[in-house]
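Listed below are the residues making up each chain.
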Amino acid sequence: MPCRALGTRGFPALRRHQSFPTSLIPPHRRSGTSTKGIREVPLLSSWSSAVFEHAYRQRLPARLPRSRAHLPAACAKWFVHDDDLGFDLFSGDDGRMINVPRSSELRASFWSEHESTFVPLEITTTRGASTSPSFYHLAGERASSAPGQSEERFERIEAPLKILIAYLSKPTTTGTTADSSPLAKEDVSIYLAQCDLLSLPASMQSDVPIPALLHPSSTSSSRSAIKGDIYTSSLWLGRPPTYTPLHRDPNPNLFIQLAGQKTIRLLPPDIGDALFHDVVTTTTSSPTMSPSGPTPFSTTIRGEEMMYGPQKAALHDAVWNPSSIYSDLVRTHGLQTTLGLGDALFTPQGWWHSVKGVGEGVTASVNWWFR
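Rules and cut-offs
Residues numbered from 1 in each chain as written. Predicted model: local features only at pLDDT ≥ 70, side-chain atom pairs only at ≥ 80, totals over all residues. Heavy atoms only, no water. Helix = DSSP H or I, 4+ residues; strand = E, 2+ residues; numbered from the N terminus. Buried < 20%, exposed > 50% of the residue type's maximum accessible area, 1.4 Å probe, protein only. Contact = heavy atoms within 4.5 Å. Areas by Shrake-Rupley, 256 points an atom, 1.4 Å probe, with all protein chains shown as cover. Core = buried A, V, L, I, M, F, W, Y, C linked by side-chain atoms within 4.5 Å. 1 Å grid on protein atoms, 1.4 Å probe; cavity = no way out; pocket = protein on both sides within 12 Å on 5 of 7 lines; lining within 4 Å. Points joined across faces, edges and corners; volume = space filled by probe spheres on them. Nonpolar A, V, L, I, M, F, W, Y, C, P; charged D, E, K, R; others polar. Pairing = 2+ DSSP bridges. Axes fitted to C-alpha atoms, helices over the stretch in contact; angles between N-to-C directions. Parallel < 35°, antiparallel > 145°, perpendicular 65-115°, else oblique. Left-handed = near helix turned anticlockwise from the far one by under 90°. pLDDT = per-residue confidence, 0-100. Salt bridge = Lys/Arg side-chain N within 4 Å of Asp/Glu carboxyl O. Arc of directions from axis to C-beta.

K.L.:
What am I meant to see in the overall build of the protein chain here?
P.N.:
Along its length, the protein chain carries eleven helices and 17 strands. By residue count, 50% of the 371 residues in the protein chain fall in the buried class. The contacts in the protein chain between residues at least 6 apart in sequence include a share of 77% that link residues at least 24 apart. For the protein chain, the accessible surface area stands at approximately 17700 Å², while carbon and sulfur atoms represent 53% of it.

Laid out in structure tokens, this is it:
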């Protein structure tokens, strides 16, 4: 991709959004000075309904602090922390302090009871670079690159949980055949993504109850902006590196980390809208503009076109690469946070975000889309 000037002059879609919301930029950056880091998502003082509703009305992302009273039972029941079956998540004189482990793994005694449950799995297969035709080329199947480059193959399946359990329980190694040739090298990733909580056994659902902040009983005031309507919910489970590309949700989102870590980068609606369109325009042969706005392309979470190939690489580079031509834009307008066990994140409607599973052990999260 040719080098383009920073700012908006070099980006066709971003030229339509030169009136950026400067209130989102801290004073020391409004003068145009450059800093290395991206701002942290603000941390709310508590899980108070009044505090949370203020962030909701302002439509600004916010982290919620770890709280024993709001920690899902799944954090203890589903996982073994720091290889210690008796790991105590709580400490302090009043037992309210949460001990955050370095890493977590599946608790075999729990998951074995549910291994026959069917769930949605995403399987990504990456094959090493080779000058020879790959297995997928020989088989006549679609691949994301030409011979001489590494390639990815992505598919979604409905399968028993035991497949994911077996994958997460084995050592993290790259598969090879006996000859160890480049053609044989293959890395397979299996990720439980967007698994509706209502599709899980009742015993699992009870371990991740709807947070009180979103429950109708806690938003009964007629003046409350939060109506308590839950549109849907999802469970996410895998082993880093996991990845969700830049997208926006149609509803506000409350996200809780159950185990491991995830890093989330967020962009305001106008900025993310323009950046997404600019990136997709460069990776789409014949984009079609819409008179209503700059995003005629699908912004659906985890759309297949986002999950492998040129669009995946371009979106990842735009949001996460510090040397990207978009990096100053992301640093100036973006927010970032890394969530560990018990941390929660509120993402307002329309805010763009990309998510990475990081660190050691498994990473697990749950979220609810609501209004």
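The discussion continues.
K.L.:
I keep staring at the nonpolar core and nothing clicks. Help me out?
P.N.:
What tends to happen in soluble globular proteins is that the nonpolar side chains get buried as a cluster. In this structure, F52, W78 and L258 are the most contacted members of the largest nonpolar core, which totals 50 residues. By residue number, the principal contributor to this core is helix α6 (residues 161-169), which donates five residues. When near neighbours in sequence (up to four residues on either side) are disregarded, F52 contacts L44, L64, L213, L214, I226, L254, F346 and F370. I271, V279, W320 and I325 belong to the second-largest nonpolar core, a separate cluster that totals 20 residues.

K.L.:
Just to check I follow, could you spell out empty space enclosed by the protein for this structure?
P.N.:
Once rolled over the atoms, a probe with the size of a water molecule shows which space is left empty. Going through the model one piece at a time under the given rule, you end up with two cavities of 30 Å³ or more. Roughly 140 Å³ of volume is contained in the largest cavity. Along the walls of the largest cavity sit 16 residues, with W236, N253, F255, H353 and V355 positioned nearest its centre. Here the lining of the largest cavity is composed, by residue class, of eight nonpolar, six polar and two charged.

K.L.:
Explain the pairing of strand β16 (residues 352-358) here, please?
P.N.:
Put simply, side chains in a regular strand alternate between the two faces of the sheet. Extensive coverage of β16 is indicated by the burial of five of its seven residues. Relative to β16, strand β11 (residues 242-248) runs antiparallel, the two being bridged by five bridges. Residue pairing for β16: T242 is matched across the bridge by G357.

K.L.:
Would you explain the packing of helix α8 (residues 269-283) against helix α10 (residues 310-320) in this entry?
P.N.:
The packing of two helices is summarised by the inter-axis angle and the distance between the axes. Running from amino to carboxyl end, α8 crosses α10 at an angle of 140°, the nearest separation of the two axes being 9 Å. As summarised for this structure, α8 and α10 are arranged oblique, according to the angle between their axes. Where α8 crosses over α10, the two elements pack in a sense that is right-handed. Between α8, through L275, F276, V279, V280 and T283, and α10, the contact on the second element is made entirely by P310, Q311, A314, L315 and A318. For the contact of α8 with α10, the class distribution of residues is eight nonpolar, two polar and no charged.

K.L.:
Before we go on, may I ask you to explain the environment of I210 in this structure?
P.N.:
Positionally, I210 belongs in the loop between α7 (202-205) and β10 (230-238). Taking the C-alpha atoms as reference points, I210 and L254, 44 residues apart in sequence, are found 9.9 Å from one another. Those residues in contact with I210 that sit more than four places away from it in its chain are I230 and W368.

K.L.:
When you look at the confidence of the model for the protein chain in this model, what are you seeing that I'm missing?
P.N.:
Close inspection of predicted coordinates is inappropriate for parts of the model with low pLDDT. This prediction gives the protein chain a mean pLDDT of 81; 72% of its residues lie at or above 70. Note on residues 1-10: pLDDT is under 50 here. Beyond four places in sequence and across chains, it has 18 contacts. Counted against residues more than four places away or in other chains, residues 129-148, with its pLDDT under 50, gives 40 contacts.

K.L.:
What's the story with the pattern of salt bridges in this structure? I'm lost.
P.N.:
Applying the stated criterion across every chain yields a total of twelve salt bridges. Across the pair D328 and R331 runs a salt bridge whose closest N-O atoms are separated by 2.1 Å. Placement of the pair is D328 and R331 together in helix α11 (residues 327-333), with a separation of three residues, close to one helical turn. Through salt bridges with shared partners, a single network forms among R63, R66 and D343.

K.L.:
So what exactly am I meant to see when it comes to the sheet that holds strand β13 (residues 261-267) here?
P.N.:
Within a sheet, neighbouring strands are paired by backbone hydrogen bonds and run either parallel or antiparallel to one another. Across the sheet, which stays open at both edges, the five strands sit in the order β1-β14-β13-β16-β11 with mixed pairing between neighbours. In the strand order of this sheet, the two ends are held by β1 (39-40) and β11, each with one partner. The sheet contact formed by β13 and strand β14 (residues 335-339) spans five bridges and is antiparallel. Counterpart to I264 in the pairing with β14 is T337. Strands β11, β13, β14 and β16 of the sheet are contacted by α10, whose axis makes an angle of about 80° with β11.

K.L.:
Is there a simple way to explain α6 in this structure?
P.N.:
An α-helical turn contains 3.6 residues, so a residue and the one three or four places further along point in the same direction. For α6, the complete set of buried residues consists of L161, L164, I165, Y167 and L168. For α6, the angular spread of the buried residues around the axis is 165°, confining them to a single face.

K.L.:
I'm lost on the environment of E155 in this one. Help?
P.N.:
Mapped onto the secondary structure, E155 falls in strand β8 (residues 151-160). With relative accessibility at 32%, the residue E155 sits in the partly exposed group. The sequence separation of E155 and M307 amounts to 152 residues, and the corresponding C-alpha distance is 9.2 Å. Contacts of E155, omitting those with residues within four sequence positions, involve L121, E122 and I123.

K.L.:
Honestly, the pairing of strand β12 (residues 253-259) in this entry has me stumped. Any pointers?
P.N.:
A large share of β12 lies buried, amounting to seven of its seven residues. Bridge analysis of β12 against strand β15 (residues 344-347) gives four bridges, and the strand direction is antiparallel. When the bridges of β15 are listed, L254 appears paired with F346. Two elements, β12 and strand β17 (residues 363-370), share six bridges in a ladder whose sense is antiparallel. Paired with N253 across the strands is W369, a residue of β17.

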